[in-house]
Amino acid sequence: MNVRTGRGRAGAAAAALALTAVLAGCGTGSAEETGTGTGGLKGEPIKLGSILTITNPAWSNGSVKTVNDAWASYINEELGGIDGRPVIVESCDDHGDPAKTSQCLNNLIDSGVVALVNNSSLSFGANALPAMEKAGLAGIGGWPVTSDEYHSEHNFPTTPGAAGSYPSLAVHFAATGKKKLAVAYTNTPSGQAVGKQLKKQWTDLGGTGYSMVEFDAAATDFTPILSKIAQAEPDAVILAVGEGPAPRMFQAAELVGIDAQIGVSATAATKKVFDAAGDAANGVLYAFASVPSDYKSEDADTYRSVLGKHAPDMELTNQTAVAASSMQYAYDVLASVKGDITKESVLKKLQEGAPWDGFLTHATAPENAPESMPSVSNPYALIAEYDNGSFTPVPIENPGGLEQYIDAEGGLSWVAGAPPKS
């Protein structure tokens, strides 16, 4: 399959990519707080809304709010806004609580947003997406979690998100010869959905053994959970874990003697995690929705420049790279609208399904959307191994009949959790 390379992609993979990642502190992120510079632009603001889970022990997207504000300042101060009109992003922290998610959406609708951008919420798909559709709004980019977000004709993610990163790890393990998979997932609806999804997928990929165990992200000791996994004697393990519990889970895996390959989402790929986990983090595989932050390309240079100027206290993570990608996509869409920029014109432009070159991510194209995820025109993730402060992308040289899941772009082996239609 031929996929267009993104704007400014490097021609070959780096042998090892140094880590420059840390997650900065979270903010409150109410819908009334934007923190966005207008760059002196006097036109009527173009408002975007962002529903984020920031205050929650299992997952925090405080850094996404920071990127929302930083990228909007970049658009306004350096790109001249959209036809002289400033772009403002109103971010709302839903705490992962369904009632607060609905309230966030209602507040944003009332404020006059023309679209949502960078939604990264544990509760959005089940509790706000139907109301977003009813209101005629589009969701641009973001980090989809639930299956509803992959099927909506109003949602346009630029990456496969959380529910895509774990399947891509499963494909990677199957394509590299692993047969017995163990999965640890959180005791949340989204976590349970991941466990069930992976069970079916592993069988479809030809796996011969599957075990799963549920855990509480707020637990003080993960040794009992990892001991159950060790007893299953898997040759691959997927931990559906975020930044908070990750260090202790890595240490518990080392303590109980798990020697199987461990894979996690890149939400746990932060300096905070690696500093706390120490050597226990070495050898873990991460599913990145974007290239690692120090990848050498025009996109990465722009990314570092923008964050360096508009959010200098925040170093770069996969999470912030995906947030920047979503904001750049939103800018490109808004700038391409002919005539008035309204929720109707933005949704219409997105539903045209025009391919997008990507920004720090694999390129998007309608033909790439898997049948199981029709809204995701970029289903690809990059699998990289961590070792003492650096990441090395892991090539897949002999996928064993799973070629349709793998695409080589920029010298990297990008992995789709579900095969693209093409």
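Summarised in this report is the structure supplied together with it. Because the structure is a prediction, the values reported are computed rather than measured.

### What to know about the pairing of strand 12 (residues 380-387)
Within a regular beta strand, the side chains point alternately toward one face of the sheet and then the other, so they alternate between its two faces.
Working step 1: When you tally the buried positions in strand 12, you get six out of eight residues, the bulk of the element.
Working step 2: In terms of strand pairing, strand 11 (residues 285-288) meets strand 12 through four bridges, oriented antiparallel. When the bridges of strand 12 are listed, Tyr286 appears paired with Ala384.
Working step 3: Relative to strand 15 (residues 412-416), strand 12 runs antiparallel, the two sharing three bridges. When the sheet's bridge partners are listed, Tyr380 is paired in strand 15 with Ala416.
Working step 4: Sheet topology places strand 12 next to strand 13 (residues 390-393); four bridges connect them, and they run antiparallel. Opposite Tyr386, over in strand 13, you have Phe391 as the bridge partner.
Working step 5: Two successive antiparallel strands, strand 12 and strand 13, enclose a turn made up of two residues, where Asn388 displays a positive phi of approximately 50 degrees.

### Examining the pattern of salt bridges
Working step 1: Enumeration according to the criterion identifies seven salt bridges in this entry.
Working step 2: Across the pair Lys309 and Glu78 runs a salt bridge whose closest N-O atoms are separated by 3.6 Å. With Lys309 in helix 10 (residues 298-310) and Glu78 in helix 1 (residues 62-78), this pair connects stretches of sequence that are 231 residues apart.
Working step 3: Between Glu352 and Lys349 there is a salt bridge, with its nearest N and O atoms 3.4 Å apart.
Working step 4: By relative accessible area, which is 23% here, Lys349 ends up partly exposed.

### What to know about the side chain of Thr53
Working step 1: Tracing the chain through its elements places Thr53 in the loop between strand 2 (46-52) and helix 1.
Working step 2: Among the polar contacts made by the side chain of Thr53, one reaches the main-chain amide nitrogen of Leu122 at a distance of 3.0 Å.

### Some remarks on the layout of surface pockets
Working step 1: When its volume is computed, the second largest pocket comes out at roughly 500 Å³.
Working step 2: Phe156, Tyr329, Leu350, Gly353 and Ala354 are the residues nearest the centre of the second largest pocket, which is lined by 25 residues in total.
Working step 3: Every element with two or more residues in the lining of the second largest pocket is listed here: strand 6 (155-156), helix 11 (318-336) and helix 12 (343-351).
Working step 4: Element by element, the count of residues in the lining of the second largest pocket is highest for helix 11, at four residues.
Working step 5: Class assignment for the residues of the lining of the second largest pocket results in 12 nonpolar, 10 polar and three charged.

### What to know about the nonpolar core
One recurring pattern in soluble globular proteins is that nonpolar side chains are buried together.
Working step 1: With 86 residues, the main nonpolar core has Trp71, Leu226, Leu239, Phe250 and Tyr286 as its most contacted residues.
Working step 2: Of the residues forming this core, the biggest block, nine residues, is contributed by helix 11.
Working step 3: Residues within four places of Trp71 in sequence aside, it is in contact with Thr302, Tyr303, Val306, Leu307, Ala324, Met327, Gln328 and Phe359.
Working step 4: Counting 26 residues, the second largest nonpolar core, distinct from the first, contains Leu169, Ala175, Leu205 and Leu402.

### Points about the packing of aromatic side chains
Aromatic ring pairs are reported here in terms of the distance separating the ring centres and the angle at which the planes meet.
Working step 1: A complete count under the given rule lists 11 aromatic pairs for this structure.
Working step 2: A ring pair is formed by Tyr286 and Phe391, whose centres lie 5.6 Å apart and whose planes are at 85 degrees; its orientation type is edge-to-face. Of this pair, Tyr286 sits in strand 11 while Phe391 sits in strand 13; the two residues are 105 residues apart in sequence, bridging distant segments of the chain. For the pair formed by Tyr286 and Phe391, the shared burial category is buried.

How each quantity is defined
Residues numbered from 1 in each chain as written. Predicted model: local features only at pLDDT ≥ 70, side-chain atom pairs only at ≥ 80, totals over all residues. Heavy atoms only, no water. Buried < 20%, exposed > 50% of the residue type's maximum accessible area, 1.4 Å probe, protein only. Helix = DSSP H or I, 4+ residues; strand = E, 2+ residues; numbered from the N terminus. Pairing = 2+ DSSP bridges. Salt bridge = Lys/Arg side-chain N within 4 Å of Asp/Glu carboxyl O. Polar contact = N/O pair within 3.5 Å; in protein donor to acceptor, adjacent residues only side chain to side chain. 1 Å grid on protein atoms, 1.4 Å probe; cavity = no way out; pocket = protein on both sides within 12 Å on 5 of 7 lines; lining within 4 Å. Points joined across faces, edges and corners; volume = space filled by probe spheres on them. Nonpolar A, V, L, I, M, F, W, Y, C, P; charged D, E, K, R; others polar. Core = buried A, V, L, I, M, F, W, Y, C linked by side-chain atoms within 4.5 Å. Contact = heavy atoms within 4.5 Å. Phe/Tyr/Trp six-rings, centres within 6.5 Å; stacked < 30°, edge-to-face > 60°.

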